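One letter stands for each residue in the lines below.
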Amino acid sequence: MTHPLPFGHVTLAGAGPGAVGHLTLAVARALEGADIVLHDKLVSAEVLALAGPQATLVETGKEGFGPSMAQSHIETLMVGFAQAGRNVLRLKSGDPGLFGRLGEELDALDAAGIAYTVLPGITAAAAAAASLNQSLTERGRNREFRLLTGHGADGFAEADWASLARPGTVAAIYMGKKAARFIQGRLMMHGGCPTTPVTLVENASRPEERRLSGTLADLPALAAQLDGPAVILWGLAPRAAETAEILEAAQ
């Protein structure tokens, strides 16, 4: 008499912004031991190369405004492979808990009785700010830092624009390229100063990273120059530019 295999395990993990050096040790070990790796399109090839020889890699196709595998199908794959006794790694770019539909996937696993572990990853905002040699919070400038999305399931995402428009506010706006003119309009409508610094970082931490800096007045034009995934850092300029401005004012 044969006995069914015990359920496997699902690890939901963040691959970081792209550079393999930004991968945590815990996620690297999960890659080495996984039987199935269900990965988003934005996970870099260098990170995927760390998967063990036994691993089957399955691209789930999640990319902003691009072709995507249905979320329900991803959840079906996770549950199905785990029920077959496989060790499954659900690998997302950045951190799985930031705009990564982590809650929906955990709900599916809970409903199926599948055991899971969540492993965090470095988010793009942290990598982008580091590339500018900037701090996301700074005494005397901002006591809080906000993370928001420029696009939701129903179109451009609304936010507390009046609060964001206040001087000294710092925020990271994910999936904001196509919403750049909308974001600019909302911020200006609520008192945002046109000269507030903004920096867009494309492919943060990767060899092809690009940084475009300007002001709120420039935001749509800056966004139009980028093709890859980017994060908008509202209220931050590269440290070199900020330092030059301070020195110029002191002269």
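Here's a quick rundown of the structure. Please read all numbers here as calculations on a predicted model, not as lab measurements. (Residues numbered from 1 in each chain as written. Predicted model: local features only at pLDDT ≥ 70, side-chain atom pairs only at ≥ 80, totals over all residues. Heavy atoms only, no water.)

What about the nonpolar core?
Rules: As used here, the term nonpolar core means buried Ala, Val, Leu, Ile, Met, Phe, Trp, Tyr and Cys residues forming a set that is joined through side-chain atoms within 4.5 Å. Type-normalised accessible area, obtained with a 1.4 Å probe on protein chains alone, sets the label of each residue: buried when under 20%, exposed when over 50%, and partly exposed for intermediate values. Note on conventions: DSSP H or I runs of at least 4 residues are helices, E runs of at least 2 residues are strands, and numbering of each starts at the N terminus. By definition, residues are in contact when any of their heavy atoms lie within 4.5 Å.
Counting 22 residues, the largest nonpolar core has I183, L187, L200 and L219 as its most contacted members. Those elements that place two or more of their residues in this core are α6 (161–164), β9 (171–174), α7 (180–189), β10 (197–202), α8 (219–223) and β12 (230–234). At four residues, the largest contribution of residues to this core is made by α7. Leaving out residues up to four positions away in the same chain, L219 has contacts with A180, I183, Q184, V198, L200 and I232. Counting residues in hydrophobic clusters, the runner-up holds 17 residues, among them L23, V43, L89 and L91.

Some words on the packing of aromatic side chains
Quick note on the threshold: Paired rings are identified among Phe, Tyr and Trp, the last through its six-membered ring, by centres lying within 6.5 Å, and are further divided according to the angle between planes into stacked (under 30 degrees), edge-to-face (over 60) and tilted (the rest).
Following the criterion strictly, the structure yields three aromatic pairs and no others. A centroid spacing of 5.4 Å and a plane angle of 50° characterise the contact between F99 and Y174, whose relative ring orientation is tilted. Here Y174 lies in strand β9 and F99 lies in the loop between β4 (87–92) and α4 (102–112), a separation of 75 residues in the sequence. For F99, a relative accessible area of 40% puts it in the partly exposed group. For Y174, a relative accessible area of 11% translates into the label buried. Site record: aromatic cluster; members linked through ring pairs are F156, W161 and F182.

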